[in-house]
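A closer look at the structure
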Amino acid sequence: MVPEIASRRHIELVDGIYRGALEEAGISDSDIDAICVTSGPGLIGSILVGLSFAKGLSFSLNKPLIAVNHVQAHAMSIFIEEDVDFPFIALVVSGGHTVILKVEDQNPLTVLGSTRDDAAGEAFDKIAKYLNIGYPGGRVIEEISKNGFKDYVAFPRPMLDENNYDFSFSGLKTSFINYVKRNGVNDGNIMHVLSSFQEAIFDVLLKKVLRATKDFKIGRVVVGGGVASNRRMREVFCEAGKREGLEVYFPSSGLCMDNGVMVALMGYYNFMKSAFSPLDVQGFSRMKLN
Ligand code: KG4
Ligand code: ZN
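Scoring rules and cut-offs
- Residues numbered from 1 in each chain as written.
- Chains lettered and ligands numbered in written order.
- Predicted model: local features only at pLDDT ≥ 70, side-chain atom pairs only at ≥ 80, totals over all residues.
- Heavy atoms only, no water.
- Patch = residues over 30% accessible without salt bridge, like charges linked within 9 Å, V, L, I, M, F, W, Y side chains within 5 Å.
- Areas by Shrake-Rupley, 256 points an atom, 1.4 Å probe, with all protein chains shown as cover.
- Salt bridge = Lys/Arg side-chain N within 4 Å of Asp/Glu carboxyl O.
- Lys, Arg positive; Asp, Glu negative; His and termini not counted.
- Charge placed at Lys NZ, Arg CZ, Asp CG, Glu CD.
- Helix = DSSP H or I, 4+ residues; strand = E, 2+ residues; numbered from the N terminus.
- Buried < 20%, exposed > 50% of the residue type's maximum accessible area, 1.4 Å probe, protein only.
- Pairing = 2+ DSSP bridges.
- Axes fitted to C-alpha atoms, helices over the stretch in contact; angles between N-to-C directions.
- Contact = heavy atoms within 4.5 Å.
- Near = heavy atom within 4 Å.
- Polar contact = N/O pair within 3.5 Å; in protein donor to acceptor, adjacent residues only side chain to side chain.

Taken together, the side chains of E81, E82, D83 and D85 define an acidic patch exposed on the protein surface. Relative to the helices and strands, D83 resides in the loop between α3 (70-76) and β3 (88-93). Judged by relative accessible area, which is 71%, D83 ranks as exposed.

Another aspect to go through is the sheet that holds strand β6 (residues 220-224). With mixed pairing, the five strands of this open sheet are ordered in space as β5-β4-β3-β6-β7. If you trace the sheet from one side to the other, it starts and ends with β5 (109-114) and β7 (247-249), each paired once. Ignoring which end each strand starts from, the neighbouring axes of this sheet average 20° apart. Examined bridge by bridge, β3 and β6 share four bridges and lie parallel to one another. Across the sheet, residue I89 finds its bridge partner in β6, namely V221. Strand contacts of helix α7 (residues 190-215): β3, β4 (98-103), β5 and β6, with the helix running at about 160° to β3, the strand carrying the most contacts.

Once that is clear, we can look at unusual backbone geometry. Residues F86 and P87 are joined by a peptide bond in cis, for which omega reads -5°. The residue P87 is located in the loop between α3 and β3 in this model. Residue N62 is not a glycine yet carries a positive backbone phi of 60°. Within the secondary structure, N62 is located in the loop between α2 (44-61) and β2 (65-69). At N132, a position not held by glycine, the phi torsion is positive, near 60°.

You can see N270 is positioned in helix α10 (residues 260-272). For N270, a relative accessible area of 10% gives the class buried. The residues touching N270, leaving out its near neighbours within four places in the chain, are I66, A67, N107 and A275.

Taken together, 20 residues are adjacent to ligand 1, and G95, D125, E142, N230 and D258 come closest. G96 is positioned with one of its backbone polar atoms (N or O) 3.4 Å from an oxygen atom of ligand 1. Surface burial for ligand 1 is 91%, taken as the share of its 560 Å² of free accessible area covered by protein chains. The element best represented in the shell around ligand 1 is helix α5 (residues 137-145), accounting for four residues.

Here the focus is the environment of N107. Counting through the fold element by element, N107 comes out in the loop between β4 and β5. The spatial distance from the C-alpha of N107 to the C-alpha of M76 is 9.6 Å, given a sequence separation of 31 residues. N107 has contacts with Q72, M266, N270 and K273, leaving out every residue within four places of it along the chain.

Okay, here's the thing in structure tokens:
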């Protein structure tokens, strides 16, 4: 993804998307109660386009503006479809973030751990780019891995022996590239090599989440973010949930990927608490959750 091209496309599309959404919902400007918008973290150029558009709407319609944290919106996106009791351990796995949270209410979140280098989705995207098999990497890799052997290559499970909830996927990506350089990939083995890589990522994600559920004695797990749309990941987590007696929740695939509904929902929670943002609220590429 080229950030500058992405933000220019945002400028071209944002107005039409807004109009299209109103039309599809069968409502008009005057039916809107508040404008909810992502203020970070993410690609700053694209965030600024959305934020400027939302500020303009808020000013012209005289409706409150509510800035929303993108990662928090992913963590809460399950509530679009179902009610989950608090507390729960949330895992957000996207192209920019891999983070484990303790969620006790709609707002206070505790970050237990996060990635020290590449996010899980980023690792998928980078090896897909290396192999030149397409974008988004995670989806392409899932497709190719479908009938592959999961233990064809014994890829490392980084940081599993460390007593924390942090991740590191950059070394795993390097071992994948080294494997390919040494052994090569071809039509015969690519599905097995990718399936083994995918399994290594999900294994690490699962074990770190299980550690958190045990340490905090919380029997509920909620997953969100683009990577969570992966069917193998859902299977791995749901099987472990049954084995360990945990409730495991995944939003439906389309709501795992970036979407406006999760931003509206998080904004709605803030709206109910009258937690409005000033019109000069800033956008951030990096943003703390607590
Ligand atoms: O949450 P998201 O839509 O955008 C960000 O906030 O980053 O997540 C995008 C990420 C990309 O890295 C993409 O490769 C990954 O989600 N992804 C997947 C799948 N579909 C998208 N990863 C694994 N399996 C998938 N099926
Ligand atoms: Zn996202």
